[in-house]
Amino acid sequence: MKITYFSWLRSKTGLSSEEIDLPDGCNSISMLVDLLSDRHPDLAAVANARGSLRFTVNRRYVERDHPLQPSDTVGLFPPVTGG
């Protein structure tokens, strides 16, 4: 699975993207967020705050309960503010 980090999430992970093997039982965005938070502790505080991130799977916005497949491409986006 390819994970892409956008904007300042790159500084939280030290990566713009990474390839991971989706572990057995990790089958939703919510579970993936938990896995990525374990891998990247600086991401954990942001990732676990409700409404703090937006997600795409294969370029479509999804919610935390969206199911995942090992071949998916997931994007993590920080919240966007306007003014």
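See the structure shown above.
Remember, it's a predicted structure, so these values are computed and weren't measured experimentally.

On to unusual backbone geometry. Positive phi is not limited to glycine here, since S7 has a value of about 55°. Residue placement: S7 occurs in the loop between strand 1 (2-5) and helix 1 (9-13). On the basis of relative accessible area, S7 is assigned to the partly exposed category, the value being 46%. Positive phi, normally seen in glycine, also occurs at N58, with a value near 50°. Note that N58 resides in the loop between strand 3 (54-57) and strand 4 (60-62). Overall, the relative accessible area of 40% leaves N58 in the partly exposed class.

Let us look at the packing of aromatic side chains. Across all of its chains, the model carries two aromatic pairs by this definition. On the numbers, 4.1 Å between centres and 5° between planes, the contact of F6 with F77 is stacked. You can see F6 sitting in the loop between strand 1 and helix 1 and its partner F77 sitting in strand 5 (residues 73-77), a full 71 residues away along the chain. We classify F6 as partly exposed; its relative accessible area is 29%. Geometrically, the ring pair formed by Y61 and F77 is tilted, given 5.9 Å between the ring centres and 45° between the ring planes. Of this pair, Y61 sits in strand 4 while F77 sits in strand 5, placing them 16 residues apart in sequence. Owing to a relative accessible area of 52%, Y61 belongs among the exposed residues under this scheme. Ring pairs connect the aromatic residues F6, Y61 and F77, which therefore count as one cluster.

Attention shifts here to helix 2 (residues 29-39). Those residues of helix 2 that sit buried are I29, L32, V33, L36 and S37. Here the buried residues of helix 2 occupy an arc of 140° about the axis, which is enough to place them on one side.

On to the nonpolar core, then. Among soluble globular proteins, nonpolar side chains are generally buried collectively. Core analysis: the largest hydrophobic core is formed by 21 residues, its most contacted members being M1, I3, I29, L32, L68, V74 and L76. If you list the elements that add at least two residues to this core, you get strand 1, helix 2, helix 3 (41-47), strand 3 and strand 5. Ranked by residue count, the leading element in this core is helix 2, at four residues. If sequence neighbours within four positions are ignored, I29 has contacts with F55, V57, V62, E63, R64, H66, L68 and V74.

Basis of the calculations
- Residues numbered from 1 in each chain as written.
- Predicted model: local features only at pLDDT ≥ 70, side-chain atom pairs only at ≥ 80, totals over all residues.
- Heavy atoms only, no water.
- Helix = DSSP H or I, 4+ residues; strand = E, 2+ residues; numbered from the N terminus.
- Buried < 20%, exposed > 50% of the residue type's maximum accessible area, 1.4 Å probe, protein only.
- Phe/Tyr/Trp six-rings, centres within 6.5 Å; stacked < 30°, edge-to-face > 60°.
- Arc of directions from axis to C-beta.
- Core = buried A, V, L, I, M, F, W, Y, C linked by side-chain atoms within 4.5 Å.
- Contact = heavy atoms within 4.5 Å.

The values reported here are purely geometric and, on their own, carry no functional implication.
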